[in-house]
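# Understanding the architecture of this molecule
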Amino acid sequence: MARMHTRRRGSSGSDKPTADDPPEWSDVDADDIESRVVELAEQGYDPSQIGMKLRDEGVTGTPVPDVKLATGKKITEILEENDARSEFPEDLYNLMERAVRLREHIQQNPQDYQNKRALQNTESKVRRLVDYYRGDEVEPDFTYSYDVAKEIIDEE
C-alpha cells in the first residue's frame, strides 16, 4: 500500500454519482458557464475554487453541480482554450506555497523539528510532482528550489 507521508491508511470517501447528463434543474447554457469560468479565473480564482463557486452560486442564480457534465470540458480545459490558465498546475502551486511558508516559519523557529520534517516531506512531494508534470505542464529543465518557488509565489 502506498502511503504518502503518514502512518495512517487512506480513508475511503464517497464517489461521485455516475451520471451522463446534467440534472434537469440545472439547464444553464454551456457558453454561459464557460464565460463565467473565464470571468472567475480573471478575478484570481483557482480551478477548484471556480468549481465550488459554480456549485454554490451558479450562473445567473442556477447552480451548476458539474461543469464537465454541463459543458463536456473540464474547468482547466476551458481555461486553456481561453488562455486564462495559470503557469503551474494548482496542486503543484499549492504545495510550493506551503513549502515556502514552512521554510519561512523554520527560519524564525529553528527548534521546530516537527515542521522541519513537514518541510522535508512537502518538498519531496513537490519534487515528485515536478517529475510527473515535467515536459507537459512544467518546463523540461525546471528544478524545484526554495528561491525559485519564492519567486513564483511572489509573482502571483
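Please refer to the structure placed before this passage.
Remember, it's a predicted structure, so these values are computed and weren't measured experimentally. (Residues numbered from 1 in each chain as written. Predicted model: local features only at pLDDT ≥ 70, side-chain atom pairs only at ≥ 80, totals over all residues. Heavy atoms only, no water.)

What follows covers a negative patch on the surface. On the surface, a cluster of negative charge is contributed by E87, E139, D141, D147, E151, E155 and E156. By the element assignment, E87 lies in the loop between α4 (75-81) and α5 (90-108). By relative accessible area, E87 is classed as exposed at 51%. (Patch = residues over 30% accessible without salt bridge, like charges linked within 9 Å, V, L, I, M, F, W, Y side chains within 5 Å. Areas by Shrake-Rupley, 256 points an atom, 1.4 Å probe, with all protein chains shown as cover. Salt bridge = Lys/Arg side-chain N within 4 Å of Asp/Glu carboxyl O. Lys, Arg positive; Asp, Glu negative; His and termini not counted. Charge placed at Lys NZ, Arg CZ, Asp CG, Glu CD. Helix = DSSP H or I, 4+ residues; strand = E, 2+ residues; numbered from the N terminus. Buried < 20%, exposed > 50% of the residue type's maximum accessible area, 1.4 Å probe, protein only.)

For the structure shown, the criterion picks out 11 salt bridges. The partner of E34 in a salt bridge is K73, with the nearest N and O atoms 2.9 Å apart. Taken as a pair, E34 in helix α1 (residues 30-42) and K73 in the loop between α3 (67-71) and α4 lie far apart in primary sequence, 39 residues in all. Here E34 falls in the buried class, since its relative accessible area comes to 16%. Where R127 meets E123, a salt bridge forms, and the shortest distance between an N and an O atom there is 3.9 Å. Residue R127 and its partner E123 are located together in helix α6 (residues 113-133), separated by four residues, close to a single helical turn. Exposure remark for R127: the relative accessible area of 42% places this residue in the partly exposed category. For E123, a relative accessible area of 7% translates into the label buried. Look at the salt bridges and you will find they share partners, linking R36, E39, K53 and E57 into a network.

Let us look at the nonpolar core. Within the largest apolar cluster, 22 residues are counted, with the highest numbers of intra-cluster contacts made by F88, L92, M96, V126 and F142. Those elements that provide at least two residues to this core are α5, α6 and α7 (146-155). Ranked by the residues each element gives to this core, the list is headed by α5, at eight residues. Not counting the four nearest positions on each side in its chain, V126 is found in contact with L92, L95, M96 and Y144. Core analysis: the next-biggest nonpolar cluster, separate from the first, contains 14 residues, V59, V67, I75 and I78 among them. (Core = buried A, V, L, I, M, F, W, Y, C linked by side-chain atoms within 4.5 Å. Contact = heavy atoms within 4.5 Å.)

Here α5 contains 19 residues, and its C-alpha end-to-end distance of 28 Å stays within 8% of the 27 Å for a straight helix at 1.5 Å per residue. All buried positions along α5 are accounted for by L92, Y93, L95, M96, A99, V100, L102 and I106. Of the surrounding elements, those touching the buried residues of α5 are α6 and α7. (Expected span 1.5 Å × (residues − 1).)

Below, the discussion takes up the packing of aromatic side chains. Applying the stated criterion across every chain, the model contains two aromatic pairs. When the centroid spacing of 5.1 Å and the interplanar angle of 70° are considered together, the rings of Y132 and Y133 count as edge-to-face. (Phe/Tyr/Trp six-rings, centres within 6.5 Å; stacked < 30°, edge-to-face > 60°.)

So, about the layout of surface pockets. Estimated volume of the largest pocket: approximately 590 Å³. Tallying contributions element by element places α4 first for the lining of the largest pocket, with four residues. For the second largest pocket, the calculated volume is near 220 Å³. Forming the boundary of the second largest pocket are K16, S48, G51, M52, R55, V64, P65, D66, V67, K68, L69 and I75. Mapped by element, the contributors of at least two residues to the lining of the second largest pocket are α2 (47-56) and α3. When residues in the lining of the second largest pocket are grouped by element, the largest group, four residues, is from α2. In the lining of the second largest pocket, the residues fall into six nonpolar, two polar and four charged. (1 Å grid on protein atoms, 1.4 Å probe; cavity = no way out; pocket = protein on both sides within 12 Å on 5 of 7 lines; lining within 4 Å. Points joined across faces, edges and corners; volume = space filled by probe spheres on them. Nonpolar A, V, L, I, M, F, W, Y, C, P; charged D, E, K, R; others polar.)

The analysis is restricted to geometry; functional conclusions fall outside its scope.
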